[in-house]
Amino acid sequence: MQPPKIIAVCNHKGGVGKTTTVASLSAALSRKGYKVLAIDLDPQSNLSYSLSADSYEGKATVSDTLFKGVALPTYPVAPGIDLAPADFLLTTADKVLTAKDTLKKALLPLYGKYDYILLDTAPGIGILTLNALSAATTGVIVTLTAEALPTQGMQNLEAIVENEGTKIVGYLITRYQRRQLTAGVVSALSTRLGDKLFTTLIGENIALAEAPFSRTDIFRYSPKSKGAKDYATFAEELLTKI
């Protein structure tokens, strides 16, 4: 049975495009004919909100799997995309969950059903993120913005990823704006990271910000937008690296 490619999208910082990347990459891969499962591991449930107009109140969610051992619930949200939604109970994970391989074990029954499983993580490095890293057998995408101090904490994250037995597939710059400062930061990152820095830059784009409020991905919301084009290009680049 062919195992899926499992990728976690991480950064200890918030506001760096993790959820946007999971939602948009899921859509980009599904448009290429792949079957994708997007898993929301953030108690804020932003990915769940972004990809589906359904309310999962009263329905099984990721917390039921992690805390009660039930099969991972998946719901179709678009052609080729299923979602495992989060809920607010995930805020208790650091108190309730002790094992770092709970999610990894829960994904085993799904082997053969999906081509890609993408994991959206919360800011910080708590037990939920450690479960994501343990499950990410293909690797980790680190999203970051081209700010003055984007590398702060990067070495710690790299060490944690390595300690969990996976690897960083690459670093993706999001919310990019063409300014002298950001160009300088991108150049510095390129020098430090080499071919680990994706060449695709995800530009700041109003459609990417608007799409979640329409409860859909960027390709269905605005397929001709710069955001859709950027993520389509990124998907192509990613496929050459994994």
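What comes next concerns the included structure.

The rules behind each value
- Residues numbered from 1 in each chain as written.
- Predicted model: local features only at pLDDT ≥ 70, side-chain atom pairs only at ≥ 80, totals over all residues.
- Heavy atoms only, no water.
- Helix = DSSP H or I, 4+ residues; strand = E, 2+ residues; numbered from the N terminus.
- Rg over C-alpha atoms; globule rule 2.2 N^0.38 Å.
- Buried < 20%, exposed > 50% of the residue type's maximum accessible area, 1.4 Å probe, protein only.
- Contact = heavy atoms within 4.5 Å.
- Patch = residues over 30% accessible without salt bridge, like charges linked within 9 Å, V, L, I, M, F, W, Y side chains within 5 Å.
- Areas by Shrake-Rupley, 256 points an atom, 1.4 Å probe, with all protein chains shown as cover.
- Salt bridge = Lys/Arg side-chain N within 4 Å of Asp/Glu carboxyl O.
- Lys, Arg positive; Asp, Glu negative; His and termini not counted.
- Charge placed at Lys NZ, Arg CZ, Asp CG, Glu CD.
- Axes fitted to C-alpha atoms, helices over the stretch in contact; angles between N-to-C directions.
- Parallel < 35°, antiparallel > 145°, perpendicular 65-115°, else oblique.
- Nonpolar A, V, L, I, M, F, W, Y, C, P; charged D, E, K, R; others polar.
- Phe/Tyr/Trp six-rings, centres within 6.5 Å; stacked < 30°, edge-to-face > 60°.
- Pairing = 2+ DSSP bridges.

Some words on the overall build of the protein
Argument step 1. When helices and strands are tallied, the protein shows eleven helices and eight strands.
Argument step 2. Compactness check: the protein gives a C-alpha radius of gyration of 17 Å against a globular reference of 18 Å for 242 residues, within 12% of the reference.
Argument step 3. Dimensions of the protein along its principal axes, counting C-alpha atoms only, are 50 × 40 × 35 Å.
Argument step 4. Counting the 242 residues in the protein, one finds 53% classified as buried.
Argument step 5. If you take every contact in the protein between residues at least 6 apart in sequence, the share linking residues at least 24 apart comes to 80%.

A short note on a positive patch on the surface
Argument step 1. On the surface, Lys5, Lys167, Lys196 and Lys241 cluster together into a patch of positive charge.
Argument step 2. On the secondary structure map, lysine 5 appears in strand β1 (residues 5-10).
Argument step 3. Accessibility expressed as a relative area gives 32% for lysine 5, which makes it partly exposed.

Comments concerning helix α6 (residues 127-135)
Argument step 1. Among the nine residues that make up α6, nine are buried, leaving the element largely enclosed by the rest of the structure.
Argument step 2. When α6 is considered as a whole, its buried residues turn out to be Ile127, Leu128, Thr129, Leu130, Asn131, Ala132, Leu133, Ser134 and Ala135.

A few points about the packing of helix α1 (residues 18-31) against helix α11 (residues 226-239)
Argument step 1. Between α1 and α11, the shortest axis-to-axis distance is 9 Å and the interhelical angle comes to 75°. Judged by the inter-axis angle, α1 sits roughly perpendicular to α11. Across from Thr20, Thr21, Ser24, Leu25, Ala28 and Leu29 in α1, the residues of α11 making contact are Tyr231, Phe234, Ala235, Leu238 and Leu239.
Argument step 2. Grouping the amino acids of the contact of α1 with α11 by side-chain chemistry returns eight nonpolar, three polar and no charged.

Considerations on the packing of aromatic side chains
Argument step 1. With the rule as written, the count across this model stands at four aromatic pairs.
Argument step 2. Seen from their ring centres, tyrosine 231 and phenylalanine 234 are 6.5 Å apart, and the 80° between their planes marks the pair as edge-to-face. Pair noted here: tyrosine 231 and phenylalanine 234 are both in helix α11, with a separation of three residues, about one helical turn.
Argument step 3. A relative accessible area of 0% means that phenylalanine 234 is categorised as buried.

Observations concerning the sheet that holds β1
Argument step 1. Overall, mixed pairing links the eight strands, which are arranged β3-β4-β2-β5-β1-β6-β7-β8 in an open sheet. Each end of this open sheet is capped by a strand with a single partner; those strands are β3 (75-78) and β8 (197-203). Ignoring strand direction, the axes of neighbouring strands in this sheet form an average angle of 25°.
Argument step 2. In the sheet, β1 pairs with strand β5 (residues 116-120) via five bridges, with the strands oriented parallel. If you follow valine 9 over to β5, its bridge partner there is aspartate 120.
Argument step 3. Strands in contact with α1 are β1, β2 (36-40), β4 (81-84), β5, β6 (139-145) and β7 (168-176); relative to β5, the strand with the most contacts, it is inclined by about 165°.
Argument step 4. Strand contacts of α11: β1, β5, β6, β7 and β8, with the helix running at about 165° to β8, the strand carrying the most contacts.

Focus on the pairing of β7
Argument step 1. Extensive coverage of β7 is indicated by the burial of eight of its nine residues.
Argument step 2. As judged from the six bridges shared by β6 and β7, these two strands associate in the parallel manner. Its bridge partner being in β7, valine 142 is matched across the sheet by tyrosine 171.
Argument step 3. As paired strands, β7 and β8 are joined by three bridges and run parallel to one another. For isoleucine 173, the partnering residue across the bridge sits in β8 and is leucine 201.

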